[in-house]
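Descriptive analysis of the structure
Residues per chain, in single letters:
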Amino acid sequence: MSNTFEKLIKAIRAYHPSDDLSMIEKAYKLASNAHNGQLRKSGEPYIIHPLGVAKILADLELDIESITAGLLHDVVEDTSIGLDYIEQEFNKEVALLVDGVTKLSQIQYHSTNKKLQKEEIQAENYRKMFIAMANDIRVVLIKLADRLHNMQTLKYMTPEKQQAKAKETLDIYAPIANRLGICKLKSELEDLSLKYINPNMYIYLTNTVAKKRAERVEITNEIVMQIRNELDKMNIKANVEGRPKHFFSIYKKLVNQNKTIDQIYDLFAVRAIVDDVKDCYGVLGIAHDIFTPIPGRFKDYIAMPKPNMYQSLHTTLMGPSGIPFELQIRTMEMHRTAEYGIAAHWKYKEGRIEGLFKDTSEEKLAWLRQILEWQKDMSDNEEFISAIKLDLDIYTDQVFVFSPKGELITIPTGATPIDFAYYIHSDIGDKMTGAKVNDKIVNLDSILQNGDRIEILTSTSKSGPSKDWLNIVTTTQARNKINQWFRKQFKQEDILKGKELLELSAKHKSYVLSSLLTPDAMNSVYTRYGYKNWESVYAAIGYGSITELQVLNRLIDENLKANKEVVKDAELLKEFENPVIQPTQKYIKKDSGIVVDDISDIAIKFAQCCNPLPGDEIKGYITKGHGISIHKSDCSNIKYILKNEPERVVEANWADNNIPKMEYMTGLTVICIDRPGIVAEIIKVINDMSLDIKTLTAKTTKSHELLFTVKFVITQRHQLEEAIRKIININDVNEVRRLEN
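Residues numbered from 1 in each chain as written. Predicted model: local features only at pLDDT ≥ 70, side-chain atom pairs only at ≥ 80, totals over all residues. Heavy atoms only, no water.

1. Some thoughts on the overall build of the protein chain
Along its length, the protein chain carries 29 helices and 22 strands. Out of the 741 residues in the protein chain, the part that is buried amounts to 49%. For the protein chain, the accessible surface area stands at approximately 36,800 Å², while carbon and sulfur atoms represent 49% of it. (Helix = DSSP H or I, 4+ residues; strand = E, 2+ residues; numbered from the N terminus. Buried < 20%, exposed > 50% of the residue type's maximum accessible area, 1.4 Å probe, protein only. Areas by Shrake-Rupley, 256 points an atom, 1.4 Å probe, with all protein chains shown as cover.)

Structure below.
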């Protein structure tokens, strides 16, 4: 153990100007004592993990406070030591960093919906991560180091946890490392993720690349020597060397370009590191003299840096034996930024850290501030997660365009003029009437290209964006701003609609809504979803950002957790299942249980397009020669008839209980994990209830879930509700909903 700690101290002394590392030594002793007796899955002492995290942070050349927090990052969560003690023994800065990392740990929910529970946990963790990044970027650097060390020791976990951790790492942590420009972490996180997500491919690549390495080394050495010799003649100092590409980047080429390993030639690249920018272009000219450049494969990231501030010249050249290779040219400062990203911009003065260079930190963290704005506006967890993943994914592919004044602007590949307008300012997007690209009027769905000059045409009389734009825009920023505009415009309508939907949902579950709306429960719900007050929750329900069932379930859960009495009104349930209608000058069709207005004896049937059940709001449609067809009031067919033939629609209601039991066709859609035996378990539930199954189908969706539909006959509505309750409790069932047709 002491040997590992000595390696940590040696790594810190290699770059830190101060000889006083007493804080590190003190943190190591505290962590060792606090974690004494705790073991990892491997059977090793737990202190191995915080030491590993601290070593990764030292390799990134971070400050003493960050490394100290890395050593202590699990102490508060896993031992009896509190933050007050850490602040007392070290300082407030270390305590805040430890607290920030601790708060990124997963939280537990008690949601009854398994799919919702998983989604909320994931969304909450991502929201907390980006907020922590805004408070102090070092919190997430420690979290990235924590994840990397866990991935390095993932072999001791179960295969299920290996897959889950690897997928989360690939979806979120590696892209965040990439966003922060830390290629050193990003590449290793990606390779380790591939190792567990697709172990066969990983083994194949490691073996194949190892075999081809011997073939490539000789050619790479020849290329390196040729470049070095020419640079010596021109008196340009440069460190030129070959380097292998990491496995995940090769894997992406195999998948995205549909190639075999034999068709990928640039398994190794050549890199030249020089003293200044002038020499970068000098090396480029010499390389183009020695080797033939491949057209369309030159990128100048020095003049136009990537959003994570990566700078380098990239050119692909035809090497010896007709084998192409990539040459990267950069200065040492650019190389440090490429390897360490935002961590490369810490600087020391007289043994003290001063922080990030102002000229780069603002640009690097602009995207973070944008994400923080999204998380305030997006209550829908799935939408928020998708937005983050999309932003982390698409930013790597950029196009460079110009404003009318010649300002260079970087936007994602595939962006449209609308995306560009909202990138400039939300007011410009809201007032946009058209766009010119290179002085020509273009369609709003035109895709912008490198070098385009864009002018947005606006009108002060324009009221706002069109909802059709949501089908055109490709950036999350534009989509969010458009949605935000519509939310503000129709907020009062949405509040009323949301309140009505929540009341109806509570009534359908036979709850008294007022009994659920306790101050604590309401506060917990609107805080959980990122709103300022309860009206905002109603507005979100009305707009469709969040479902009334989500809110209702959360209210119920919060009341149960607080041991509050939840009122279930039997009269509401009775009213819902069998509303008592006192017929006045209305005709009751006894054998159907339907009350219709002013209609003499006539045949009544139930529409198969919506399969109405007792308790549904219904309307009657006078057919030609087939009596009255009963539809649900929200059936799309009856809505169409009301619009075009209103005279043929009559009021209809369910009669009281003094009628014979009827048979009603209904059905369920079940979304579940596609595993052996799950269909048999679902069918068993229905058979055990003695319900007559009429049809059933099952198919696998694109997301590898099983979509199972079943139609059966019931005599009372509670049979359907009972079937839903029993099926949702089957393992691996994610969602159950009533089949509408």
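2. Quick notes on the packing of aromatic side chains
Two aromatic rings are characterised by how far apart their centres lie and by the angle between their planes. Under the defined criterion, the tally for this structure stands at five aromatic pairs. Residues Tyr 202 and Phe 247 carry aromatic rings whose centres are separated by 5.7 Å and whose planes lie at 80 degrees to one another, so their mutual orientation is edge-to-face. Here Tyr 202, found in helix α12 (residues 199-233), pairs with Phe 247, found in helix α13 (residues 247-256); they are 45 residues apart in sequence, far enough to count as distant. The same class applies to Tyr 202 and to Phe 247, which are both buried. Where Trp 534 meets Tyr 538, the ring centres are 5.8 Å apart and the plane angle is 75 degrees; that geometry is what we call edge-to-face. (Phe/Tyr/Trp six-rings, centres within 6.5 Å; stacked < 30°, edge-to-face > 60°.)

3. Notes on the pattern of salt bridges
For side chains of opposite charge, pairing can occur when their charged atoms come near one another. The final tally for this structure, using the stated rule, is 21 salt bridges. A salt bridge links Lys 186 to Glu 190; the shortest N-O distance between them is 3.7 Å. Here Lys 186 and its partner Glu 190 are both found in helix α11 (residues 183-197), four residues apart, which amounts to about one turn of the helix. Accessibility assignment for this pair places Lys 186 and Glu 190 in one class, buried. Among the ionic pairs, Arg 675 bridges to Glu 681, the shortest N-O distance being 3.0 Å. Put simply, Asp 63, Glu 93 and Arg 138 are held in one network by salt bridges that share partners. (Salt bridge = Lys/Arg side-chain N within 4 Å of Asp/Glu carboxyl O.)

4. As for helix α29 (residues 717-728)
Helical geometry note: an α-helix holds 3.6 residues per turn, so side chains three or four residues apart project in the same direction. Its twelve residues place the ends of α29 17 Å apart at the C-alpha level, agreeing with the 16 Å of an ideal helix rising 1.5 Å per residue. For α29, every residue scored as buried is listed here: Arg 717, Gln 719, Leu 720, Ala 723 and Ile 727. End-on view of α29: buried residues confined to an arc of 160 degrees, all on one side of the axis. (Expected span 1.5 Å × (residues − 1). Arc of directions from axis to C-beta.)

5. Overview of helix α7 (residues 92-102)
When you tally the buried positions in α7, you get eight out of eleven residues, the bulk of the element. When α7 is considered as a whole, its buried residues turn out to be Val 94, Ala 95, Leu 97, Val 98, Asp 99, Gly 100, Val 101 and Thr 102. Residues of α7 that are buried sit in contact with α2 (22-34), α4 (64-72), α5 (75-78), α6 (83-89) and α9 (137-152). Backbone nitrogen of Glu 93 and a side-chain oxygen of the N-cap are separated by 3.1 Å at the start of α7; the cap is Asn 91. (Contact = heavy atoms within 4.5 Å. Polar contact = N/O pair within 3.5 Å; in protein donor to acceptor, adjacent residues only side chain to side chain.)

6. Brief notes about the side chain of Arg 330
By the element assignment, Arg 330 lies in strand β5 (residues 324-331). Of the side chains with opposite charge, Glu 339 lies nearest to the buried Arg 330, which makes no salt bridge, at 4.7 Å. Contacts of Arg 330, omitting those with residues within four sequence positions, involve Arg 271, Ala 272, Ile 273, Val 274, Cys 280, Tyr 310, Gln 311, Ser 312, His 335 and Ala 338. (Lys, Arg positive; Asp, Glu negative; His and termini not counted.)

7. Things to note about the sheet that holds strand β12 (residues 454-458)
Taken in spatial order, the three strands of this open sheet run β11-β10-β12, and their pairing is antiparallel. Taken across any chain shown, the strands that pair with only one partner, and hence form the sheet edges, are β11 (440-442) and β12. Direction aside, neighbouring strands of the sheet carry axes that sit 40 degrees apart on average. For strand β10 (residues 432-437) and β12, the ladder comprises five bridges, and the chain directions are antiparallel. Bridging from a neighbouring strand, Gly 434 pairs with Leu 457 of β12. (Pairing = 2+ DSSP bridges. Axes fitted to C-alpha atoms, helices over the stretch in contact; angles between N-to-C directions.)

8. Here we look at the side chain of Glu 558
Mapping Glu 558 onto the fold places it in helix α25 (residues 548-561). Classification of Glu 558 by relative accessible area gives buried; the value is 13%. Those residues in contact with Glu 558 that sit more than four places away from it in its chain are Ala 521, Ser 524 and Val 525.

9. A word on the packing of helix α18 (residues 417-424) against helix α20 (residues 476-489)
With their axes 8 Å apart at the nearest point, α18 and α20 run at an angle of 75 degrees to one another. Our classification of the angle between α18 and α20 gives roughly perpendicular. Residues Asp 419, Tyr 422 and Tyr 423 of α18 form the contact with α20, whose participating residues are Gln 477, Ala 478, Lys 481 and Ile 482. Residues that form the contact of α18 with α20 fall into these classes: four nonpolar, one polar and two charged. (Parallel < 35°, antiparallel > 145°, perpendicular 65-115°, else oblique. Nonpolar A, V, L, I, M, F, W, Y, C, P; charged D, E, K, R; others polar.)

10. Considerations on the nonpolar core
Generally speaking, nonpolar side chains in soluble globular proteins are found buried as a group. Formed by 59 residues in total, the largest nonpolar core has its most connected members in Leu 8, Ile 12, Ile 24, Ile 67, Leu 72 and Leu 144. Among the elements that line this core, the one with the most residues is α9, at nine residues. Judged by nonpolar contacts, the second largest core, of 32 residues, contains Val 650, Val 685, Phe 708 and Ala 723. (Core = buried A, V, L, I, M, F, W, Y, C linked by side-chain atoms within 4.5 Å.)

11. Details of unusual backbone geometry
One non-glycine residue, Glu 61, lies in positive phi territory at about 60 degrees. By relative accessible area, which is 24% here, Glu 61 ends up partly exposed. Its identity is not glycine, yet Asp 439 carries a phi of approximately 70 degrees, on the positive side. If you trace the backbone, Asp 439 turns up in the loop between β10 and β11.

12. Digging into the environment of Thr 709
Tracing the sequence through the fold places Thr 709 in strand β21 (residues 705-714). Residues Thr 709 and Gly 667, spaced 42 residues apart in sequence, show a C-alpha to C-alpha distance of 7.2 Å. Excluding residues within four positions of it along the chain, Thr 709 makes contact with Leu 668, Thr 669, Thr 695, Leu 696, Thr 697 and Leu 739.

13. A look at the confidence of the model for the protein chain
For the protein chain, per-residue confidence averages 77 on the pLDDT scale, and 78% of positions sit at 70 or higher. Averaged pLDDT values for the elements of the protein chain fall to 39 in helix α26 (residues 570-577) and rise to 92 in helix α14 (residues 277-290). When the criterion is pLDDT under 50, residues 106-117 qualifies, and its contacts beyond four places in sequence or with other chains add up to 30 contacts. Low pLDDT, under 50, characterises residues 570-590; the predicted model gives this stretch 44 contacts beyond four residues in sequence or across chains. (pLDDT = per-residue confidence, 0-100.)

14. Observations concerning the sheet that holds β21
Two orientations exist for strands paired in a sheet by backbone hydrogen bonds: parallel and antiparallel. The strand order across the open sheet built from four strands is β20-β21-β19-β22, with neighbouring strands paired in antiparallel fashion. Two strands lie at the open edges of the sheet, namely β20 (692-700) and β22 (733-738), each paired on one side alone. Going from strand to strand, the sheet's axes swing by 15 degrees on average, the running direction of each strand aside. Two elements, β20 and β21, share eight bridges in a ladder whose sense is antiparallel. Within the sheet, the bridge partner assigned to Thr 697 lies in β21 and is Thr 709. In the packing of helix α28 (residues 678-688) onto the sheet, contacts are made with β19 (664-673), β20, β21 and β22, and the angle to β21 comes to roughly 15 degrees.

15. Some remarks on the packing of helix α10 (residues 159-179) against α11
The interhelical angle for the contact between α10 and α11, taken along N-to-C directions, is 160 degrees, at an axis separation of 9 Å. Overall, the two elements α10 and α11 adopt an arrangement that is roughly antiparallel. The way α10 lies across α11 gives a crossing that is left-handed. Between α10, through Gln 162, Gln 163, Ala 166, Lys 167, Thr 169, Leu 170, Tyr 173, Ala 174, Ala 177 and Asn 178, and α11, the contact on the second element is made entirely by Leu 185, Lys 186, Leu 189, Glu 190, Ser 193, Tyr 196 and Ile 197. Split into classes, the residues belonging to the contact of α10 with α11 amount to nine nonpolar, five polar and three charged. (Left-handed = near helix turned anticlockwise from the far one by under 90°.)

16. A few points about the environment of Ile 56
Relative to the elements of secondary structure, Ile 56 occurs in helix α3 (residues 48-59). Its relative accessible area of 9% is what places Ile 56 among the buried residues. Spatially, the C-alpha atom of Ile 56 lies 9.1 Å from that of Leu 185, the residues being 129 residues apart in sequence. Ignoring anything within four residues of it in the chain, the contact list for Ile 56 reads Ala 145, Leu 148, His 149, Gln 152 and Leu 185.

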